Amino acid sequence: TQLLEQSPQFLSIQEGENLTVYCNSSSVFSSLQWYRQEPGEGPVLLVTVVTGGEVKKLKRLTFQFGDARKDSSLHITAAQPGDTGLYLCAGVVVGGTSYGKLTFGQGTILTVHP
Amino acid sequence: GAVVSQHPSRVICKSGTSVKIECRSLDFQATTMFWYRQFPKQSLMLMATSNEGSKATYEQGVEKDKFLINHASLTLSTLTVTSAHPEDSSFYICSASRPGANVLTFGAGSRLTVL
């Protein structure tokens, strides 16, 4: 059973479209991170959310953390080809033994066509 | 910012040989580092937690005798894939966090291909 359910797993859209990626769990997370990874590279942190109901914006990216801290979403407005990549959500379950022991979602492969 | 370096970035070896991958924290000391495995177009799977000066903690299903982890200093952890076979071919990534910081930094990964 996947602790963090991420959807969709694949997303292929045209430049200029909007999209949303979801991460859901039945567990409560003390914090949740979103990463972006390009082929042959390690994941790069985009944002960390820690407070239930929190919304963070990073240019055209909007991140939300659910009130109950069990789910999160990433919304991209007016997607560009440079947004193409693998997006990963990852979190630390409440009561986890160490911060670094992240639980990852399955990932979303986003392809933005010019 | 915190920088984590992995070496080599790519390695090709023959079946039956052992391969060592290094993970270094360049500008900070890391008592704990993490090793992940990633298959193409899939997410990261935590293999083990590397603890400086003590034994690594392996995740369920990961063979400790197959994937040897050594964290001999506060800036270096190594993952050795012993007697590698084609099914061990994968992208291996490490991560570490600066003490007191709640942010993980990932290495750029090491692509292992076993022929």
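Residues numbered from 1 in each chain as written. Chains lettered and ligands numbered in written order. Predicted model: local features only at pLDDT ≥ 70, side-chain atom pairs only at ≥ 80, totals over all residues. Heavy atoms only, no water.

## Overview of the overall build of chain A
Threshold: Secondary structure elements are taken from DSSP: a helix is a run of H or I of four residues or more, a strand is a run of E of two residues or more, and numbering for both begins at the N terminus. The size measure is the radius of gyration over C-alpha atoms, and the globule rule it meets is 2.2 Å times the number of residues to the 0.38 power. Only protein chains enter the accessibility calculation, which uses a 1.4 Å probe; a residue whose area is less than 20% of its type maximum is buried, one above 50% is exposed, and one in between is partly exposed. Contacts are assigned to residue pairs with any non-hydrogen atoms lying within 4.5 Å of each other. Calculation of accessible area relied on Shrake-Rupley with a 1.4 Å probe; when residues are assessed, cover is drawn exclusively from the protein chains displayed. This count recognises Lys and Arg as positive and Asp and Glu as negative, with His and chain-terminal groups excluded. Where a charge lies is defined by one atom per residue type: Lys uses NZ, Arg uses CZ, Asp uses CG and Glu uses CD.
A tally of regular secondary structure across chain A gives zero helices and eleven strands. Going from the N terminus to the C terminus, chain A shows its helices and strands as β-β-β-β-β-β-β-β-β-β-β. Since a compact globule built from 114 residues should have a radius of gyration of about 13 Å, the 14 Å found for chain A is in line with a globular shape. By principal-axis analysis of the C-alpha atoms, chain A measures approximately 45 × 30 × 25 Å. Taking all 114 residues of chain A together, the buried fraction comes to 46%. A separation of at least 24 residues holds for 57% of the contacts in chain A among residues at least 6 apart in sequence. Element-wise, carbon and sulfur atoms account for 51% of the exposed surface of chain A, whose accessible area totals about 5300 Å². The positive charge centre, built from 8 side chains, and the negative charge centre, built from 9, are 8 Å apart in chain A.

## Some details on the interface of chain A and chain B
Going by this rule: Here the quantity called buried area is the total loss of accessible area, with a 1.4 Å probe, experienced by two parts when brought into contact, counted for both. Pairing of N or O atoms within 3.5 Å defines a polar contact, subject to two protein rules: one partner must be a possible hydrogen donor and the other a possible acceptor, and residues neighboring in sequence count only if both atoms are side-chain atoms.
Listed as interface residues are 19 residues of chain A and, on the opposing side, 17 residues of chain B. For the pairing of chain A and chain B, the buried interface totals around 1500 Å² over both sides, and the portion due to carbon and sulfur atoms is 64%. In this assembly, chain A and chain B are joined by three residue pairs in polar contact (both at pLDDT 80 or more). Listed by contribution, the elements that provide at least two residues to the side of chain A that touches chain B are β4 (29-37) and β9 (85-93) of chain A.

## What to know about the sheet that holds strand β7 (residues 67-73) of chain B
All names here are of chain B. Heads up, the rule is: By the convention used here, strands pair only if DSSP detects at least 2 bridges between them. Axis definition: a line fitted to C-alpha atoms, over the contacting stretch in the case of helices. Angles run 0 to 180 degrees between N-to-C directions.
Judged by pairing direction, the sheet is antiparallel, and its four strands sit side by side in the order β1-β3-β8-β7 without closing on themselves. Two strands lie at the open edges of the sheet, namely β1 (4-7) and β7, each paired on one side alone. Here the average twist between neighbouring strands, direction ignored, is 15 degrees. Direction of pairing for strand β3 (residues 19-25) relative to strand β8 (residues 76-81): antiparallel, over a ladder of six bridges. Bridging across to β8, Cys23 finds its partner in Ser77.

## Focus on the confidence of the model for chain B
Stated precisely, the cut-off is as follows: pLDDT is a per-residue confidence score from the predictor, ranging from 0 to 100.
Per-residue confidence for chain B gives a mean pLDDT of 92, with 98% of residues at or over 70. Taking the mean pLDDT of every element in chain B, the minimum, 89, falls on strand β10 (residues 104-106) of chain B and the maximum, 97, on strand β11 (residues 110-114) of chain B.

## Considering the sheet that holds strand β6 (residues 55-58) of chain A
All names here are of chain A. Strand order across the open sheet formed by five strands is β1-β3-β8-β7-β6, with antiparallel pairing between neighbours. Both outer strands of the open sheet, β1 (5-7) and β6, are each paired with one neighbouring strand and no more. Strand-to-strand, the axes of this sheet are offset by a mean angle of 15 degrees, without reference to chain direction. Two elements, β6 and strand β7 (residues 61-65), share four bridges in a ladder whose sense is antiparallel. Looking across to β7, one finds that Val55 is bridged to Gln64.

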